[in-house]
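The residues making up each chain are set out below.
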Amino acid sequence: MEGVQVFFFGPSEVTIATDPDLYPLVEEIIESGEVPKTCKWCSDKYHISELLEEIECSVEYFGSPVSEPIKAGYTPMT
């Protein structure tokens, strides 16, 4: 997963935060050296920011964290 950045938005954040069966996958991403990033605006809207922080996701406002990697040559996959 070298060079991969993981971002979760909206409903996918809810799924990651509320499905304990997915916590091992989040741990696996973190163990690979990448901390999953989640959108604070969305997670605040869904009242899950604290849950995401508990599973060690980065909760931050997006904008430049998404646009800068694209400008640097990363290809978004949705």
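Note that the coordinates shown come from a computational prediction; the quantities given were computed from them, not determined experimentally.

**Some details on the sheet that holds strand β2 (residues 37-39)**
Hydrogen bonds along the backbone pair up the strands of a sheet, which may run parallel or antiparallel.
Piece 1. Spatial ordering of the open sheet is given by β1-β2-β3, a layout of 3 strands whose pairing is parallel. The strands lining the two open edges of the sheet, one partner per strand, are β1 (7-8) and β3 (58-60).
Piece 2. By the bridge criterion, 3 bridges tie β2 to β3 in an arrangement that is parallel. Of the residues in β3, the one forming a bridge with Lys37 is Ser58.

**Focus: the side chain of Ser49**
Piece 1. Tracing the chain through its elements places Ser49 in helix α4 (residues 49-54).
Piece 2. Setting aside chain neighbours within four positions, we find Ser49 in contact with Lys40, Ser43, Asp44 and Val59.

**Let's talk about the nonpolar core**
In summary, soluble globular proteins display a tendency toward joint burial of nonpolar side chains.
Piece 1. Core analysis: the biggest nonpolar cluster contains 11 residues, these being Val6, Phe8, Ile16, Ala17, Val26, Ile29, Ile48, Leu52, Ile55, Cys57 and Val59.
Piece 2. Among the secondary structure elements, those contributing two or more residues to this core are α1 (10-18) and α2 (23-31).
Piece 3. In this view, Ile55 contacts Ile16, Ala17, Tyr23, Val26 and Ile30; residues no more than four positions away in its chain are not counted.

**Some thoughts on the pattern of salt bridges**
Piece 1. In this structure the tally under the stated criterion is 3 salt bridges.
Piece 2. In this structure, Glu34 engages Lys37 in a salt bridge whose closest nitrogen and oxygen atoms are separated by 2.6 Å. Summarising the burial analysis for this pair, Glu34 and Lys37 share the class buried.
Piece 3. One salt bridge connects Lys40 with Asp44, and the closest N-O pair in it is separated by 3.1 Å. Here Lys40 and its partner Asp44 are both found in helix α3 (residues 40-45), 4 residues apart, which amounts to about one turn of the helix.

**A closer look at the confidence of the model for the protein**
Piece 1. Here the protein averages 90 in pLDDT, while 97% of its residues score no lower than 70.
Piece 2. Mean pLDDT values over the elements of the protein span from 80, in helix α5 (residues 64-71), up to 97, in α4.

Reading the values: the criteria
- Residues numbered from 1 in each chain as written.
- Predicted model: local features only at pLDDT ≥ 70, side-chain atom pairs only at ≥ 80, totals over all residues.
- Heavy atoms only, no water.
- Pairing = 2+ DSSP bridges.
- Helix = DSSP H or I, 4+ residues; strand = E, 2+ residues; numbered from the N terminus.
- Contact = heavy atoms within 4.5 Å.
- Core = buried A, V, L, I, M, F, W, Y, C linked by side-chain atoms within 4.5 Å.
- Buried < 20%, exposed > 50% of the residue type's maximum accessible area, 1.4 Å probe, protein only.
- Salt bridge = Lys/Arg side-chain N within 4 Å of Asp/Glu carboxyl O.
- pLDDT = per-residue confidence, 0-100.

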